[in-house]
Structure formats: C-alpha cells, structure tokens
Amino acid sequence: MPGFTLADLAAIVAARADAPPSESYTARLVADPARAAKKLGEEAVEAVIAAIQDDAEALKAEAADVLYHLLVVLHARGVPLQDVLDELDRRTAQSGLAEKASRSER
Ligand SMILES: N=c1c2ncn([C@@H]3O[C@H](COP(=O)(O)OP(=O)(O)OP(=O)(O)O)[C@@H](O)[C@H]3O)c2ncn1[C@@H]1O[C@H](COP(=O)(O)O)[C@@H](O)[C@H]1O
C-alpha cells in the first residue's frame, strides 16, 4: 500500500482484534496482553541484536515486528497511538539533552 503509515497499521490491529482467535494472530495476542508484552520484548531484543551486528536487512524486519507488536500492546491496554504521537509532539518543544538535564535537576 503506497504511503502506508503506523496509523494504517493501528487501524488494521483494531479491526483484527475482534476477529476469531482461530483466524487472527492479532486477536490471540490481544486476548492475552501479558503474552503480547513478552512478544514485544522478544522482538525488541532481536532488533537490538540486528543493530549491534550492523545487519540492516534483519534490523528492518525486526523493527517491523517491534512496531506491529507495540501497536498490539497499545491496543490491548487501551492506549491510542495518537496519545503516543501527542507525547512525542510535546517533547519536540525541547531537545532530548535539555529534557534529561531538567530531570537530573529535580
Ligand atoms: N504486521 C503484522 C505482523 N508482523 C509480525 N507478525 C507476526 O508476528 C509473529 C512474530 O513472531 P515470531 O517471529 O516469534 O514467530 P512465531 O514463532 O510464529 O511467533 P509465536 O508463535 O512465538 O507467537 C509471526 O507470527 C508474524 O506473522 C504480524 N502479524 C500480523 N501483522 C499485521 O496484522 C494483520 C492482521 O493479521 P492477523 O491478525 O493474523 O489476521 C496482517 O495483515 C498484518 O498487516
């Protein structure tokens, strides 16, 4: 799909969450949020390994797995993707280093 976005994938996840678990991997994960969260962790570790090994093809595939599983976990726990994007938007007001420094001052 040209111009495919994370919002498009989040909409697919939301639609498939209500499918019969026998027909949908997404529905199975949403039915067991703890398992979904563990899968997210596994995929993140696989992405870390690909990054450390400087394997761009593997990193692309593992990053896709991370993003998909993150969207499933967000859906399972009722956190809209837009809330995450709004948080990132809020953070654009200052640099990451300035934000880190403000935390150490607290
Ligand atoms: N983007 C994805 C996607 N990325 C990864 N995966 C699945 O995530 C799993 C990755 O886990 P592993 O690599 O560990 O493979 P596995 O050993 O089969 O997994 P487990 O049995 O351990 O859970 C695989 O089963 C992949 O198929 C995804 N499954 C679904 N989607 C999207 O969700 C849509 C709906 O899928 P269903 O819900 O299955 O209809 C699809 O059309 C896609 O758009």
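Looking up the protein in an unreviewed UniProt entry gives the name Phosphoribosyl-ATP pyrophosphatase, with the organism given as Salinarimonas soli. The record in UniProt for the protein states the following under Subcellular location (unreviewed entry): "Cytoplasm". On record in UniProt, under Catalytic activity (unreviewed entry), the comment for the protein is "1-(5-phospho-beta-D-ribosyl)-ATP + H2O = 1-(5-phospho-beta-D-ribosyl)-5'-AMP + diphosphate + H(+)".

A. The arrangement of the pattern of salt bridges in detail. Evaluation of the coordinates by the stated rule reveals 6 salt bridges. As a salt-bridge pair, Glu-43 and Lys-39 come within 3.8 Å of each other at their nearest N and O atoms. Taken together, the residues Glu-43 and Lys-39, both in helix H3 (residues 33-52) and 4 residues apart, mark about one turn of the helix. Lys-39 carries the same exposure label as Glu-43, and that label is buried. Two residues, Lys-60 and Glu-57, come together in a salt bridge whose shortest N-O distance is 3.5 Å. Of this pair, Lys-60 and Glu-57 both sit in helix H4 (residues 56-76), separated by 3 residues, roughly a single helical turn. Looking at Lys-60, the relative accessible area reads 53%, which means it is exposed. Its relative accessible area of 56% is what places Glu-57 among the exposed residues.

Reading the values: the criteria
Residues numbered from 1 in each chain as written. Predicted model: local features only at pLDDT ≥ 70, side-chain atom pairs only at ≥ 80, totals over all residues. Heavy atoms only, no water. UniProt positions renumbered as here; feature names shortened; annotations may be inferred. Salt bridge = Lys/Arg side-chain N within 4 Å of Asp/Glu carboxyl O. Helix = DSSP H or I, 4+ residues; strand = E, 2+ residues; numbered from the N terminus. Buried < 20%, exposed > 50% of the residue type's maximum accessible area, 1.4 Å probe, protein only.

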